[in-house]
Amino acid sequence: MEVQGEKTLSCGTICLKYLLFLFNILFWLAGGAVMAVGVWTLIEKSDYISLLNSSFYSASAYILIAAGLIVIVTGIIGCCATLKEKKSILIVYLVLLLCIFLLEIIAGVLAYITYQELDEELRQNLKVTMQQKYQQPGEESITQAVDKLQQEFKCCGSHNSSDWRACVWIQAAENERLVPDSCCKSPSDLCGRRDHPSNIYKVEGGCIMKLEEFILRQLYILGAVGIGIAFLQLVGMMFTCCLYQNLNEDPY
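Taking an unreviewed UniProt entry as the reference, the chain is identified by name as Tetraspanin belonging to Sander lucioperca.

Across its full length, the chain carries 6 helices and 0 strands. When its helices and strands are written in sequence order, the chain yields α-α-α-α-α-α. When burial is assessed residue by residue, the chain has 38% of its 252 residues classed as buried. Long-range pairs, those at least 24 residues apart, make up 70% of the contacts in the chain with a sequence separation of at least 6. For the chain, the accessible surface area stands at approximately 13900 Å², while carbon and sulfur atoms represent 66% of it.

Attention now moves to the nonpolar core. With 27 residues, the main nonpolar core has Leu51, Met130, Val146, Leu149, Cys156, Trp164 and Leu211 as its most contacted residues. The element best represented in this core is helix 6 (residues 207–246), accounting for 5 residues. Contacts of Val146, omitting those with residues within four sequence positions, involve Leu51, Met130, Tyr134 and Trp164. Leu90, Leu232, Met237 and Leu243 belong to the second largest nonpolar core, which has 17 residues in total.

A cluster of nonpolar side chains, namely Leu22, Ile25, Leu26, Trp28, Leu29 and Ile76, defines an oily patch on the protein surface of about 550 Å² accessible area. In terms of residues, the nonpolar patch owes the most to one element, helix 1 (residues 2–44), which gives 5 residues. Relative to the assigned elements, Ile25 resides in helix 1.

A separate point is the packing of aromatic side chains. Within this structure, the stated rule accounts for 3 aromatic pairs. Both rings, one in Tyr134 and one in Trp164, keep their centres 5.0 Å apart while their planes meet at 65 degrees; by these two values the pair is edge-to-face. Here Tyr134 is found in the loop between helix 3 (87–133) and helix 4 (140–152), whereas its partner Trp164 is found in the loop between helix 4 and helix 5 (168–171), with 30 residues between them in sequence. Just as Tyr134 is buried, Trp164 falls in that class too. Cluster of aromatic residues (ring-pair linked, three or more members): Tyr134, Trp164 and Trp169.

Quick look at the side chain of Ser161 now. Note that Ser161 resides in the loop between helix 4 and helix 5. Under the relative-accessibility criterion, Ser161 is labelled buried at 11%.

Take the environment of Ser141 next. Assignment of secondary structure puts Ser141 in helix 4. Given a relative accessible area of 43%, Ser141 falls into the partly exposed group. When the C-alpha positions of Ser141 and Leu51 are compared, they lie 8.9 Å apart, and in sequence the two are 90 residues distant.

With that out of the way, let us pick up the UniProt feature "transmembrane region" (unreviewed entry) in the chain. The residues that UniProt annotates with the feature "transmembrane region" (unreviewed entry) are residues 21–43, 63–83, 90–115 and 219–244. Within residues 21–43, the helical portion is 100% and the strand portion 0%, while the C-alpha atoms at the span's ends are 33 Å from each other. Within the segment residues 219–244, helix and strand shares are 100% and 0% respectively, and the terminal C-alpha atoms sit 36 Å apart.

About the cut-offs
- Residues numbered from 1 in each chain as written.
- Predicted model: local features only at pLDDT ≥ 70, side-chain atom pairs only at ≥ 80, totals over all residues.
- Heavy atoms only, no water.
- Helix = DSSP H or I, 4+ residues; strand = E, 2+ residues; numbered from the N terminus.
- Buried < 20%, exposed > 50% of the residue type's maximum accessible area, 1.4 Å probe, protein only.
- Contact = heavy atoms within 4.5 Å.
- Areas by Shrake-Rupley, 256 points an atom, 1.4 Å probe, with all protein chains shown as cover.
- Core = buried A, V, L, I, M, F, W, Y, C linked by side-chain atoms within 4.5 Å.
- Patch = residues over 30% accessible without salt bridge, like charges linked within 9 Å, V, L, I, M, F, W, Y side chains within 5 Å.
- Salt bridge = Lys/Arg side-chain N within 4 Å of Asp/Glu carboxyl O.
- Phe/Tyr/Trp six-rings, centres within 6.5 Å; stacked < 30°, edge-to-face > 60°.
- UniProt positions renumbered as here; feature names shortened; annotations may be inferred.

Pasting the structure below:
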């Protein structure tokens, strides 16, 4: 009977080891995905940073990259703890999982609060930025960001195309355009001289609305990824606790 009990315990421990090892592989892949999203955000959408007074956009990208690296390192520690069957490493791994879980909750709350502030900042500053800094000396990054924004989101102006009437560059005597060429559906030199809806994005809505929708979509995606990783962490913590209880005492 005693031998049978030991075999049952051994089988249970082996199953937990394999489950925890599989979890760590999934956790490692999730960390890689989070880091990839951070790098993509920084590279592909970095132009929009110049349109925001706050550092929220760039900071969020760096946070994602750092979080991905931490998750990957934690996954590696988890694999080592599982293979070596060391209770001390399992405790370190469990503490790391718990810390990441708590940080995710804090980051989620801060992201929601910051988004409300960012949304208000966009409404207040985007129109002024477009009107006063577009095509001005030393503001090349602003000009590039506005042109990319209007073409990528198929919009014209902050709220609508009429916002460009008060633009310093548009009002210049030598400028024949009514809107920037990036407002045109088929951009070409001086195409902005004609502001008919057939030529420019006049009825599609302003860029503020499109940019808000984009940021909100990104937050939803990040929220979904965060919930998925949090669920994985809870499962991992449960497996870790079970494996810890099933391991024999080691002399260390």
